[in-house]
Amino acid sequence: MTQTKSLATLLAEPGIIVAPGAYDALSAKVAAQAGSPAVYMTGFGVAGSTLGLPDIGLMSATEMADRVRAIADAAMPAPLIADGDNGHGGPLNAARLTRLYEAAGAQCIQLEDQVFPKRCGHMEGKEVVSTEDAAQKIRAVAEARNSKDFKIMARTDARATHDLDEALRRGEAFLKAGADILFIEAPRDMAELERVTTTFKGVPLLANMVEDGKTPYLSTKVLEELGFKIAIFPVASLLAVTKRLQDVYATLLKGEGLPADDTRVTFQRYNEIVGLPEMLASAARIAAEGK
């Protein structure tokens, strides 16, 4: 891993930032080891991996902050963009969450304009708060952060509840309130994606690529050509791993164990991935120095 650039640096440089989704420390570590320039902590995945439940606002603010701490540490040196849902309350709650995320090691918090309880952006039945209420949260978190290198990503789900015009209006309001990055959730086709990038030229824009989602599933090359700065694939790993778990447990419950040629890492390789050799070497050095 050679990537040590901060998110602020990456945003200032040319080229799109590809941020795979991570839902726990292990997935974040593997993403960073694969060379990810940034990692995205998915609230959808955190709810599923922590509680085994859907992304409908069941995780508390402190539970999310604890996950940020573990995932940010595991993702190093790749910067972490962390889903903060709707701030878990009003402006003061969102401000507190921002301070928790920044202290926990994230380099960006994503906040959305949904009511509580919220829903995943590609689910049906979403509702949003007023533009002013959402903008108040953005202003509160902009004041709460310790450094402007800690970025604020404002997301609107108004495309689903109203229309694209309303989503774009909210985007403008969120920028005025202090957002650094815009996330217009779930454009429905190429024309809508192009309208987003045309409206907000020069603004760092995020594209959310969800398998089986409402937005066209595009390559990062195409997204970059459209004008997006960040591409997240929040649930790709979670969906793939869930299928793999189903297959593995079905095989094990037949009493057969995994075949020798099964696609997996070896026991030794897993220990290398999680840093066992380095930790044992460090422990041995400390013990030797104490003699």
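Being a predicted model, the structure only gives us computed values, none of them experimental.

A. Quick peek at the overall build of the chain. If you tally the helices and strands in the chain, you get 13 helices and eight strands. Relative to the globule expectation of 19 Å for 291 residues, the C-alpha radius of gyration of the chain, 20 Å, shows essentially globular dimensions. With respect to the three principal axes, the spread of C-alpha positions in the chain is 60 × 50 × 35 Å. Taking all 291 residues of the chain together, 46% fall into the buried category. For the chain, restricting intrachain contacts to residue pairs at least 6 apart in sequence, the fraction spanning at least 24 positions comes to 70%. Surface summary for the chain: the accessible area is close to 14000 Å², and the carbon and sulfur share equals 55%. Positive and negative side-chain charges in the chain, numbering 32 and 38 respectively, have mean positions lying 2 Å apart.

B. Molecular detail of the pattern of salt bridges. A full pass over the atoms with the stated rule returns 18 salt bridges. The partner of Asp113 in a salt bridge is Arg170, with the nearest N and O atoms 3.0 Å apart. A residue pair is termed long-range when its members are at least 10 positions apart, and Asp113 in the loop between strand S4 (108-112) and helix H6 (131-144) and Arg170 in helix H8 (residues 164-177) qualify at 57 residues. Across the pair, Arg170 and Asp113 agree in class, each one buried. For Glu272, the salt bridge is made with Arg269, and the minimal N-O distance between the two is 3.3 Å. Placement of both Glu272 and Arg269 in helix H12 (residues 267-273) is noted, with a separation of three residues, approximately one turn of the helix. Glu272 gets classed as partly exposed once you look at its relative accessible area, which sits at 32%. Owing to a relative accessible area of 40%, Arg269 belongs among the partly exposed residues under this scheme. Residues joined by salt bridges that share partners form a network here, namely Glu112, Lys126, Arg155, Asp157 and Glu185.

C. Structural detail: the nonpolar core. In terms of nonpolar packing, the biggest core is built from 58 residues, with Met41, Leu80, Tyr101 and Leu223 touching the most fellow members. The biggest single contributor to this core is helix H4 (residues 61-75), with eight residues. Apart from residues lying up to four places away in sequence, Leu223 is in contact with Ile16, Ala207, Met209, Leu218, Phe228 and Ala231.

D. Representation of the packing of aromatic side chains in the model. Evaluation of the coordinates by the stated rule reveals one aromatic pair. Ring centres of Tyr217 and Phe233 lie 6.0 Å apart, and the angle between their planes is 85°; on these two criteria the pair is classed as edge-to-face. Here the residue Tyr217 occupies a position in the loop between strand S7 (206-208) and helix H10 (220-226), and Phe233 occupies one in strand S8 (residues 230-233), the gap between them amounting to 16 residues. Given a relative accessible area of 46%, Tyr217 falls into the partly exposed group.

E. View of the sheet that holds strand S2 (residues 39-41). If you trace the eight strands from one edge of the open sheet to the other, you get S6-S5-S4-S3-S2-S1-S8-S7, paired in parallel fashion. The open sheet has two free edges, formed respectively by strand S6 (181-184) and S7, since each of these has just one partner strand. Across the sheet, the mean angle from the axis of one strand to that of its neighbour is 25°, orientation sign disregarded. As judged from the three bridges shared by S7 and S8, these two strands associate in the parallel manner. Along S8, the bridge assignment pairs Ala207 with Ala231.

Criteria and cut-off values
- Residues numbered from 1 in each chain as written.
- Predicted model: local features only at pLDDT ≥ 70, side-chain atom pairs only at ≥ 80, totals over all residues.
- Heavy atoms only, no water.
- Helix = DSSP H or I, 4+ residues; strand = E, 2+ residues; numbered from the N terminus.
- Rg over C-alpha atoms; globule rule 2.2 N^0.38 Å.
- Buried < 20%, exposed > 50% of the residue type's maximum accessible area, 1.4 Å probe, protein only.
- Contact = heavy atoms within 4.5 Å.
- Areas by Shrake-Rupley, 256 points an atom, 1.4 Å probe, with all protein chains shown as cover.
- Lys, Arg positive; Asp, Glu negative; His and termini not counted.
- Charge placed at Lys NZ, Arg CZ, Asp CG, Glu CD.
- Salt bridge = Lys/Arg side-chain N within 4 Å of Asp/Glu carboxyl O.
- Core = buried A, V, L, I, M, F, W, Y, C linked by side-chain atoms within 4.5 Å.
- Phe/Tyr/Trp six-rings, centres within 6.5 Å; stacked < 30°, edge-to-face > 60°.
- Pairing = 2+ DSSP bridges.
- Axes fitted to C-alpha atoms, helices over the stretch in contact; angles between N-to-C directions.

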